[in-house]
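Architecture at a glance
The lines below spell out each chain.
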Amino acid sequence: MDELSTTKPVLEIAVGTLILIIVIFVHGAGIRVINRHFSRSWIHMTRSTPHWRLNLLLAATIASLATLHFAETLIWAIPISVRGLIPSMRDSYYFVLENYTTLGEGTIRLPDQWRLLGPVIAISGLFTFGWTGSVLVSIMTEFGRLDRERAKGSDDAASSEDPDAGR
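This section reports on the structure supplied with the text. Predicted model only: the values in this text are computed from it and were never measured.

1. A closer look at a nonpolar patch on the surface
Taken together, the side chains of Leu-74, Ile-78, Val-82 and Met-89 define a hydrophobic patch exposed on the protein surface, amounting to about 340 Å² of accessible area. Positionally, Val-82 belongs in helix H2 (residues 51-82). A relative accessible area of 68% places Val-82 in the exposed class.

2. What about the environment of Phe-143?
Position of Phe-143 relative to the elements: it lies in helix H4 (residues 117-161). What makes Phe-143 buried here is its relative accessible area of 9%. The spacing of Phe-143 and Trp-42 is 101 residues in sequence and 9.4 Å in space, taken between C-alpha atoms. When residues no more than four places from it in sequence are discounted, the contact partners of Phe-143 are Phe-38, Trp-42, Leu-54 and Leu-58.

3. What about unusual backbone geometry?
Within the chain, Thr-102 stands out as a residue other than glycine whose phi angle is a positive 55°. Here Thr-102 shows up in the loop between helix H3 (89-100) and H4. Since its relative accessible area comes to 46%, Thr-102 is described here as partly exposed.

Rules used in this analysis
- Residues numbered from 1 in each chain as written.
- Predicted model: local features only at pLDDT ≥ 70, side-chain atom pairs only at ≥ 80, totals over all residues.
- Heavy atoms only, no water.
- Patch = residues over 30% accessible without salt bridge, like charges linked within 9 Å, V, L, I, M, F, W, Y side chains within 5 Å.
- Areas by Shrake-Rupley, 256 points an atom, 1.4 Å probe, with all protein chains shown as cover.
- Salt bridge = Lys/Arg side-chain N within 4 Å of Asp/Glu carboxyl O.
- Helix = DSSP H or I, 4+ residues; strand = E, 2+ residues; numbered from the N terminus.
- Buried < 20%, exposed > 50% of the residue type's maximum accessible area, 1.4 Å probe, protein only.
- Contact = heavy atoms within 4.5 Å.

So, in C-alpha cells, the structure goes:
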C-alpha cells in the first residue's frame, strides 16, 4: 500500500514537531548571532554618530532577521518538496510561506494525509515572529535611549548658551 494513501496523524505531528524544534533551534542560534553583531556595533554608537550610520545598522539588523525567517521557511519547504508532498520547490516554498505567515490563502494544499503539517508550520511562524518582535522591541529601546541622550545633550547645549534658559 502506498505510504501516502493512509492517514497517520501521529506521524504527521511527530514529523511536524521534529521540524518545528529544528526551526526554533535555528531561530535561537540566528537571533543570538544577530543580537551579538548588533551589540558589538551598538557599543561604538555615541551621541555624535551620524543618523545614517544608525539607520544603516537598523536596516542591516532587520535584513538579517528577515533572512533568518526565509532560511527557516526553507527548512520546512525542502522536505515537503523532496518527499513529493508538493513536487515543485517553488510551490512548496510558497505553501510554507503562506502557512508560516498565517496568510491562509490556501491556493496550494498538501495531500490529505499530511495536512496537519500546515498548522504546525503556522505554529513555528507564530513562535519565531513573536521572538523576532521581542528582539526588535529591545533594539528599538536602545535607539530610544540614544535619542533621549541626544535630546538631553542638545538641551544642555542650549542651556549653556542661554544663561536665562534655566530661569
